[in-house]
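# Architecture at a glance
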Number of protein chains: 4
Amino acid sequence: MPELLTTTDTVRGRILASAIQLFVDQGYHVTTIPDIVASSKTSIGAVYHHFSSKEELARELHQQVIQEFMRQAEESVLPLASAKDRIRAYVDLLFSLTEKDSYFVAYLLHARPRVVVDDNLTVCSREGIEVTNHIIADGKAKGELRDEDDRILCGVISGIIMRLVDLRLDGLIVEPLPTLADKTTDSIWRAVRA
Amino acid sequence: MPELLTTTDTVRGRILASAIQLFVDQGYHVTTIPDIVASSKTSIGAVYHHFSSKEELARELHQQVIQEFMRQAEESVLPLASAKDRIRAYVDLLFSLTEKDSYFVAYLLHARPRVVVDDNLTVCSREGIEVTNHIIADGKAKGELRDEDDRILCGVISGIIMRLVDLRLDGLIVEPLPTLADKTTDSIWRAVRA
Amino acid sequence: MPELLTTTDTVRGRILASAIQLFVDQGYHVTTIPDIVASSKTSIGAVYHHFSSKEELARELHQQVIQEFMRQAEESVLPLASAKDRIRAYVDLLFSLTEKDSYFVAYLLHARPRVVVDDNLTVCSREGIEVTNHIIADGKAKGELRDEDDRILCGVISGIIMRLVDLRLDGLIVEPLPTLADKTTDSIWRAVRA
Amino acid sequence: MPELLTTTDTVRGRILASAIQLFVDQGYHVTTIPDIVASSKTSIGAVYHHFSSKEELARELHQQVIQEFMRQAEESVLPLASAKDRIRAYVDLLFSLTEKDSYFVAYLLHARPRVVVDDNLTVCSREGIEVTNHIIADGKAKGELRDEDDRILCGVISGIIMRLVDLRLDGLIVEPLPTLADKTTDSIWRAVRA
DNA sequence: AATGAATGAGGGTTCATTCAT
DNA sequence: CATGAATGAACCCTCATTCAT
């Protein structure tokens, strides 16, 4: 499982890589510092040398996830010209991320560490919405998308993608998601095209 | 907020009602027995009189949620004849539940207490899938739905509904969901109809 | 060693009795909750059931010491009429307390738990001063004490008494202090009489 | 605040100067090596290069305090001929030290680091007593002091001086102590003269 | 001589659970 | 049935100390 976020070369990187996996698998509160220490093959002291507290570690991790997600979206989705291309690219992005680093995507979809985010939103519900709304606004302006309530269009685009990712993460879809990218994009398009 | 599950007349009911709210708001592990005692205005002894342990309380709650959800689905969704009616009924069910008891729906969508469910699936990913798959299988057999990969159709139907519920729960949609039921059903239908 | 403060009948009492001894012997910071648990023959949980934290336990103890000290002073010293009688009573009080409960007196003289008192004064330097100053003001008004700087008189009275208590506590005086009460009072009187 | 003990020119000096201040302000156990490092503007490595452990650092400091105190007493108090002169010189010594380096005097009066001194005596109760007892023995032999119990005389002389120093250190006397030296000596003398 | 990353024992504290009343 | 005082394992975190650089 390649690590999107951190290198395992450094102690700090190993701790962050262990933390995201454990936070996703067990949740923030169930994950103990000893868990992280065992998984990252470091020591209690090393963890506290690099992060002032467990909360601070979670905050740092959360910021890195957001930053990496936005970087990828800005690089592969937003530059495209048409709404359909952008939707396709967004599907491709999340589907390929799912296969490349399922912990990263699981974190995007589900993590809402209340110690980190006070509005209790997941990355997908806060930063992900920005991407979707941008696709919708632009697509409507160009007449590519039908004149539907924004929230409905947002629910359609992000809901279908996220649900398929979830089914894959939960093991209810066993084949790699990119093989379903065409069909997924087609279904979304049927629901949102002008 | 009417309680779908339990009556607050009985001690046992008050405990379960407090538990689902606290579990949803804070998570199972952060919720302490003292929290539940304070919220339900009972006593430690009373909790342990009615439930053998915190885990058992969580298990009991989970079973009640599943049972109530399936009861409602079997009552309002499955009896209907056409795929479109069933989809509409499913939308109506989840949207009205969201307004009636947001804790109940939040539990359906997000709760995966590892102490209770070992496959780590939410009620929506386990029991909800059954409902969706039933709609799909029947709708395909009758030629009402297009001949698409089942997992795509499942993702479309459940994904759009769940995403809109989530946006409402997260405060990103402020109006009551039932006002969006028509448009939601329409969007789903565009994506899945034959 | 009779306990001036607390009864050892109750768990709470045993904890406080152990705490004052350990705080005096080792200091607040070196004294651990396990130390207190072992000495009071209770349990960690019992300590935290009765006191919300180690700091709160220290605060509670400090207040009890102050209250008991002031009660004794108000009962045995202040009611007396002449300055000489009061000085004699103050000597008697501290000397007899020293033999009765050396931990109590050692706490009076030396304890300055910064977690409890922000001005960093011992009970003797805060509450004890009140008693001494009262003796001085009244004795001067009646012409029994010589017209000397108040701080000098305060230093003489409290300094001589406290130093002898300290020498006894440190084992540099081995006989019971009350046998030295006459001579001590005489020396103080020579320095302060009109 | 001139440093009586150590020069801040050397790393070793800066460490010792920081240590005495921190030990007096917070106590030995609350003072951490990082505290000392920050205050002395050195590094962890430097501290452990110069001292084998925190205990060893405390021991070294304690020895320097004792040595400096005895040096000053032997230089300014003991050479004098009469008891009254010696008492006056002792008062002057402690009062001027208090103004010159309050940390040094506070250490003399209060520090009893159990890691350093196993009999749990302060410098004033161990080395200070020697000075006082010398004054008493000699003054009695010469008939300058009255024939009173040695411990009483010791309590009078050291008690009055130490108490005034304490009141000054605690901020309850705000003017420089040397202005009270005459009156202090006079009061002591009234209590001890033949 | 100097540095500071790494170590882990041991601190204060929480909380599920028990049981005498 | 109901209560809450008592228990102790296990949490997060601190800090004296080591050692490679």
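Note: the structure precedes this text.
Residues numbered from 1 in each chain as written. Chains lettered and ligands numbered in written order. Predicted model: local features only at pLDDT ≥ 70, side-chain atom pairs only at ≥ 80, totals over all residues. Heavy atoms only, no water.

### Focus: the relation of the copies chain A and chain B
Structural alignment of chain A on chain B gives an RMSD of 0.2 Å, achieved by rotating through 180° and translating 0.1 Å along the axis. As the rotation angle and translation indicate, the two copies are arranged about a two-fold axis. A share of 100% of the interface residues of chain A reappears at the interface of chain B, consistent with the copies meeting face to face through the same patch. (Least-squares fit on C-alpha atoms with pLDDT ≥ 70 in both. Contact = heavy atoms within 4.5 Å.)

### A look at unusual backbone geometry
With the exception of glycine, the majority of residues adopt a negative phi angle, and the majority of peptide bonds are in the trans configuration. Residue and element names in this part refer to chain A. The backbone of Lys41 shows a phi angle near 50°, a positive value even though the residue is not glycine. Looking at where Lys41 falls in the secondary structure, it is placed in the loop between helix H2 (33–40) and helix H3 (44–50). Under the relative-accessibility criterion, Lys41 is labelled exposed at 68%. Positive phi, close to 65°, is recorded for Asn120, a residue that is not glycine. Under the relative-accessibility criterion, Asn120 is labelled partly exposed at 24%. (Helix = DSSP H or I, 4+ residues; strand = E, 2+ residues; numbered from the N terminus. Buried < 20%, exposed > 50% of the residue type's maximum accessible area, 1.4 Å probe, protein only.)

### Thoughts on the protein's contact with DNA strand F
The full set close to DNA strand F counts 30 residues, and B:Gly45, C:Ser43, C:Gly45, C:His49 and C:His50 are the nearest of them. Atoms of DNA strand F within 4 Å of the protein belong to the sugar or the phosphate in 67% of instances, the rest to bases. Within the side chain of A:Tyr48, one N or O atom sits 2.6 Å away from a phosphate oxygen of DNA strand F. Between D:Ile33 and DNA strand F, the recorded distance is 2.7 Å, taken from a backbone N or O atom to a phosphate oxygen. Every element with two or more residues in the surface near DNA strand F is listed here: H2 and H3 of chain A, helix H3 (44–50) of chain B, helix H3 (44–50) of chain C together with helix H2 (33–40) and helix H3 (44–50) of chain D. Partitioned by chemical class, the residues of the surface near DNA strand F number 13 nonpolar, 15 polar and 2 charged. (Near = heavy atom within 4 Å. Polar contact = N/O pair within 3.5 Å; in protein donor to acceptor, adjacent residues only side chain to side chain. Nonpolar A, V, L, I, M, F, W, Y, C, P; charged D, E, K, R; others polar.)

### Brief notes about the interface of chain A and chain B
Contact with chain A, which involves 40 residues of that partner, is made by 40 residues of chain B. Between chain A and chain B, a total of about 3300 Å² is buried, with carbon and sulfur atoms accounting for 55% of that surface. Taken as a group, A:Arg151, A:Ile152 and A:Arg163 account for 20% of the area that chain A buries against chain B, more than any other trio of residues on that side. One can count 6 salt bridges joining chain A with chain B. Ionic pairing is found between A:Arg146 and B:Asp186, a salt bridge with its closest N-O pair at 3.6 Å. Counting across the interface, chain A meets chain B through 16 residue pairs in polar contact (both at pLDDT 80 or more). Considering each element in turn, the side of chain A that touches chain B owes the most residues, 13 residues, to helix H8 (residues 150–169) of chain A. Taken together, the residues of the side of chain A that touches chain B break down into 16 nonpolar, 10 polar and 14 charged. (Buried area = accessible area lost by both parts, 1.4 Å probe. Salt bridge = Lys/Arg side-chain N within 4 Å of Asp/Glu carboxyl O.)

### A short note on the side chain of A:Arg112
Structurally, A:Arg112 can be placed in the loop between helix H6 (102–110) and helix H7 (123–141). For A:Arg112, the side chain forms a polar contact with the side chain of B:His110, separated by 3.3 Å. Contacts of A:Arg112, omitting those with residues within four sequence positions, involve A:Val117, A:Asn120, A:Leu121, A:Thr122, B:His110, B:Asp166 and B:Asp170.

### Regarding the interface of chain C and chain D
Listed by partner, the interface residues are 40 residues for chain C and 40 residues for chain D. A buried area of about 3300 Å², summed over both sides, lies between chain C and chain D, and 55% of it is on carbon and sulfur atoms. As a salt-bridge pair, C:Arg151 and D:Glu175 come within 2.6 Å of each other at their nearest N and O atoms. Remark: the boundary between chain C and chain D carries 16 residue pairs in polar contact (both at pLDDT 80 or more). Breaking the side of chain C that touches chain D down by element, the ones donating at least two residues are helix H1 (11–26), helix H7 (123–141), helix H8 (150–169) and helix H9 (181–192) of chain C.

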